[in-house]
Amino acid sequence: MYEIRQARKLEGEVDLIGDKSISHRAVMFGSIAEGETRIKNFANSQDCLSTVDAFKQMGIDINIDGDRVIVLGKGLLGLKKPNGPVYVGNSGTTMRMLLGILAGQSFDCTLTGDRSLSSRPMSRVVNPLRQMGAQIDGRERGEFAPLAIKGAKLRPIVYDMPISSAQVKSSILLGGLYADGITTVREKVRSRDHTERMLKLFGADLKVEGLSVSIKGRTNLKGQDIEVPNDISGASFFIVGATLLKGSGIKMKSVLYNPTRTGVLEVLRKMGANIEIKNEKTLSAEPVCDLEVLSGELHGIEITPEMIPSLIDEIPIIMVAASLAKGKTVIRGAKELRVKETDRIKSLTTNLIRMKAQISVEGDDITINGSKELQAADLQSYGDHRTAMSMIIAALTAKGVSNISDVACIDISFPGFLDILKNITR
Ligand code: S3P
């Protein structure tokens, strides 16, 4: 149990961690590129270390020194068969994107994960890869890990994505890298585009036209120097904390400002948050900016299904903000939240109701009637890092002492979060 007392305000400069999605990709693409990839500001979190371990087991030399990583890539066909099953812990991004790479190898391999990951849907990736010729087996016809992948010759496909998911899109594009010809993925709503941006940097023959992405297979990648922007998902907990606690003022440098990820900033600004964006620039093909946040008065808004992909990981902390905003917030079409590390609609709703927030859920739509204050309570992380961090911020605003179970899971995306928070809490 971790104890949280009400805070007066948050103040100071926040030292963030590198972006999780971009860190994963830098290691993956570096491993299948030719030559050295040097990564700065790598997210040294459990999920990203799962990606590092997976490639180490496939014969790639990866040296980690704090947040600096050097990957000695061996080219598209340089991976070697691992000695046993590859365990990727809690990391959905690792498992789903690796499937695309492994499908086109000349060896067989088994991927396993922890209990949470083993209950998350995989056929969204397995089915399109099977259309490409991949041979993948798993529980319930490939819906759940462990997954056994038999390396096969892949053919290109044109795939219309039924859901908006960057993990699925990326996995098919990586499969496409191993197919002869051009593979195309078409989305209805654009999901995060880090794969597209970074694969281009590494020299892939990749074209983005509107909502369609095409990649030409068998093009060699070249190792790169990558500087990872700071994680906007990690930043969002502090942004909401500073917004809710009167008199707060915080600053954050080089935060990812990619439009496929900035839905949280748009929504919070629409709700009345004081967020200033400064010094926009580009870092390794990704837009970044500095952020300054002062406390503000929030009011409720409507979040439509088209907005969801750009803020999918931030809905938990937006639910906390909405619980303390004036009036009603409605979040529509949040179905994907049900298949994250835990069912986040359920985990957040259960916890926030314990704090006496006014929330109702109908299907996958969430309605929150904001209150003036939340009450301290006993809370549960459900082993989910984003539920834990969101509820810790909620508890900082509540009179009295709250407790939350299992905060160790925070290390999955943001080791150091609690110390950083302590440093800026007044
Ligand atoms: C991610 C994509 C998102 C996100 C996850 C990371 C990625 O998942 O929730 O935390 O790095 O591509 P989906 O693509 O399944 O929506």
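Residues numbered from 1 in each chain as written. Predicted model: local features only at pLDDT ≥ 70, side-chain atom pairs only at ≥ 80, totals over all residues. Heavy atoms only, no water.

**Some points on the overall build of the protein**
Along the protein, the regular secondary structure elements total 13 helices and 23 strands. Against the 2.2 N^0.38 benchmark of 22 Å for 426 residues, the protein shows a C-alpha radius of gyration of 21 Å, consistent with a compact globule. Principal-axis analysis of the C-alpha atoms places the extent of the protein at approximately 60 × 40 × 40 Å. Looking at the protein residue by residue over its 426 residues, the buried ones come to 61%. (Helix = DSSP H or I, 4+ residues; strand = E, 2+ residues; numbered from the N terminus. Rg over C-alpha atoms; globule rule 2.2 N^0.38 Å. Buried < 20%, exposed > 50% of the residue type's maximum accessible area, 1.4 Å probe, protein only.)

**Examining the UniProt feature "active site" (unreviewed entry) in the protein**
Residues annotated by UniProt as "active site" (unreviewed entry) correspond here to Asp313. Summarising the element assignment, aspartate 313 is placed in the loop between strand 18 (302-303) and helix 10 (315-323). On the basis of relative accessible area, aspartate 313 is assigned to the buried category, the value being 11%. Among all residues touching aspartate 313, those that are not within four sequence positions of it are Arg192, Ser233, Lys340, Arg344 and Arg386. A polar atom in the side chain of aspartate 313 sits 3.3 Å from the side chain of arginine 192. (UniProt positions renumbered as here; feature names shortened; annotations may be inferred. Contact = heavy atoms within 4.5 Å. Polar contact = N/O pair within 3.5 Å; in protein donor to acceptor, adjacent residues only side chain to side chain.)

**Quick word on the domain arrangement of the protein**
Parsing the protein into structural domains produces domain 1 (2-17 + 229-424) and domain 2 (20-227). Between domain 1 and domain 2, the C-alpha centre-to-centre distance is 29 Å. Contact with domain 1, which involves 29 residues of that partner, is made by 27 residues of domain 2. For the pairing of domain 1 and domain 2, the buried interface totals around 2,400 Å² over both sides, and the portion due to carbon and sulfur atoms is 50%. Contact with domain 2 buries surface across domain 1, with Thr260, Glu341 and Ile412 losing the most and accounting together for 22% of the total. At the boundary of domain 1 with domain 2, the tally comes to four salt bridges. (Domains from an automatic or database assignment. Buried area = accessible area lost by both parts, 1.4 Å probe. Salt bridge = Lys/Arg side-chain N within 4 Å of Asp/Glu carboxyl O.)

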